[in-house]
Amino acid sequence: VSTEAGGLGLTLAYAGPSWTLRSITGARRLTGRAADNDQDATPYDLGGVLVRSDSQQQFSQELQLSGRAFDDRLQWIGGLHYFVEEATFTQSFIAFVPAASGWNENRPDGDARNDSTALYAQVSYALAPAWRLTAGVRVNRDGRQLTSRNSRIEGGVDTCTLDPDLLDEPGT
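Residues numbered from 1 in each chain as written. Predicted model: local features only at pLDDT ≥ 70, side-chain atom pairs only at ≥ 80, totals over all residues. Heavy atoms only, no water.

Asker: An account of the overall build of the protein chain is requested, with residue identities and associated values reported.
Answerer: For the protein chain, the helix and strand inventory stands at zero helices and nine strands. When each of the 172 residues of the protein chain is scored for burial, the buried share is 21%. Total accessible area computed for the protein chain in this model is approximately 11900 Å², and 58% of it derives from carbon and sulfur atoms. (Helix = DSSP H or I, 4+ residues; strand = E, 2+ residues; numbered from the N terminus. Buried < 20%, exposed > 50% of the residue type's maximum accessible area, 1.4 Å probe, protein only. Areas by Shrake-Rupley, 256 points an atom, 1.4 Å probe, with all protein chains shown as cover.)

Asker: Please set out the environment of Tyr120 residue by residue, giving values where relevant.
Answerer: Locating Tyr120 in the fold gives a position in strand E6 (residues 109-128). As a C-alpha pair, Tyr120 and Asn140 span 20 residues in sequence and 8.7 Å in three-dimensional space. Here the side chain of Tyr120 touches Glu62 through a polar contact of 2.4 Å, side chain to side chain. (Polar contact = N/O pair within 3.5 Å; in protein donor to acceptor, adjacent residues only side chain to side chain.)

Asker: Which residues make up the environment of Val123, and what are the values?
Answerer: As for its placement among the helices and strands, Val123 is situated in strand E6. When the C-alpha atoms of Val123 and Gly78 are compared, they prove to be 8.7 Å apart, with 45 residues separating the residues in sequence. Other than its neighbours up to four places away in sequence, Val123 contacts Leu74, Gln75, Trp76, Leu133, Thr134 and Ala135. (Contact = heavy atoms within 4.5 Å.)

Asker: Just give me the short version of the packing of aromatic side chains, but keep the residues and values in it.
Answerer: Counted by the stated rule, this structure contains one aromatic pair. Seen from their ring centres, Tyr14 and Trp19 are 5.8 Å apart, and the 45° between their planes marks the pair as tilted. Judged by its relative accessible area of 55%, Tyr14 falls in the exposed class. Among the residues examined, Trp19 registers a relative accessible area of 31% and is labelled partly exposed. (Phe/Tyr/Trp six-rings, centres within 6.5 Å; stacked < 30°, edge-to-face > 60°.)

Asker: Please provide a residue-by-residue account of the environment of Glu85, values included.
Answerer: Relative to the assigned elements, Glu85 resides in strand E4 (residues 74-97). Here Glu85 falls in the buried class, since its relative accessible area comes to 19%. Apart from residues lying up to four places away in sequence, Glu85 is in contact with Gln56, Gln57, Gln58, Ala112, Arg113 and Asn114.

Asker: Which residues make up the pairing of strand E7 (residues 131-148), and what are the values?
Answerer: Direction of pairing for E6 relative to E7: antiparallel, over a ladder of 18 bridges. Each bridged residue has a counterpart across the sheet, and for Ser116 the counterpart in E7 is Asp142. Counting the residues in the hairpin turn of E6 and E7 gives two residues. (Pairing = 2+ DSSP bridges.)

Asker: Run through the pattern of salt bridges, naming residues and quoting values.
Answerer: One pass over the full model with this rule turns up seven salt bridges. The partner of Arg52 in a salt bridge is Asp54, and the shortest N-O contact between them spans 3.5 Å. Asp111 is the salt-bridge partner of Arg149, the closest N and O atoms lying 3.1 Å from each other. Placement of the pair is Arg149 in the loop between E7 and strand E8 (151-154) and Asp111 in strand E6, with a sequence separation of 38 residues. For Asp111, a relative accessible area of 27% gives the class partly exposed. Put simply, Glu86, Arg113, Asp115 and Arg141 are held in one network by salt bridges that share partners. (Salt bridge = Lys/Arg side-chain N within 4 Å of Asp/Glu carboxyl O.)

Asker: Tell me about unusual backbone geometry, and please be specific about residues and values.
Answerer: One non-glycine residue, Phe70, lies in positive phi territory at about 50°. By the secondary structure assignment, Phe70 is in the loop between strand E3 (47-69) and E4. In the Ramachandran plot, Asp72 falls in the positive-phi region, its phi being about 70° despite a non-glycine side chain. Following the sequence through the fold, Asp72 ends up in the loop between E3 and E4.

Asker: I'd like to hear about the side chain of Ser92, residue by residue, with values.
Answerer: Its location among the elements puts Ser92 in strand E4. What makes Ser92 buried here is its relative accessible area of 7%. In contact with Ser92, other than residues within four places in its own chain, are Gly48, Val49, Leu50, Val51, Glu105, Asn106 and Arg107.

What follows is the structure, encoded as structure tokens:
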């Protein structure tokens, strides 16, 4: 079994007389591999991973503009945010199925992509030393995509069962 993970982050800021412009960037990567891995932790070979491979990458970027006005009674912030993630998972594992008195080889396999963009703003005004009025708004657009190629080998035949209602384009 081997896993490698890494990432980086960077924040840059520029301060004006009553405002600050900030850029926040992040990236991450993960890869993992396994082979001949015992999954049942017993002295009996009831299930095991023959091979597994997974990878994931993500990136995010945010731009913020914030500031103060009216002797610091008004505080405000607004910005844009972007995020994207891509991942792949492939595995082949065997499992003993008592009802069938035999072994099945299961093959979960898929790709995923997630992305998000957002626009946000918030203002806060001090009505009195102990009273603030705050309002904000955020608008998101999120995307999710999963491509699944899961299958199972039963009696030497590679099969895949998927409910047609789960397809992006039913009937294809």
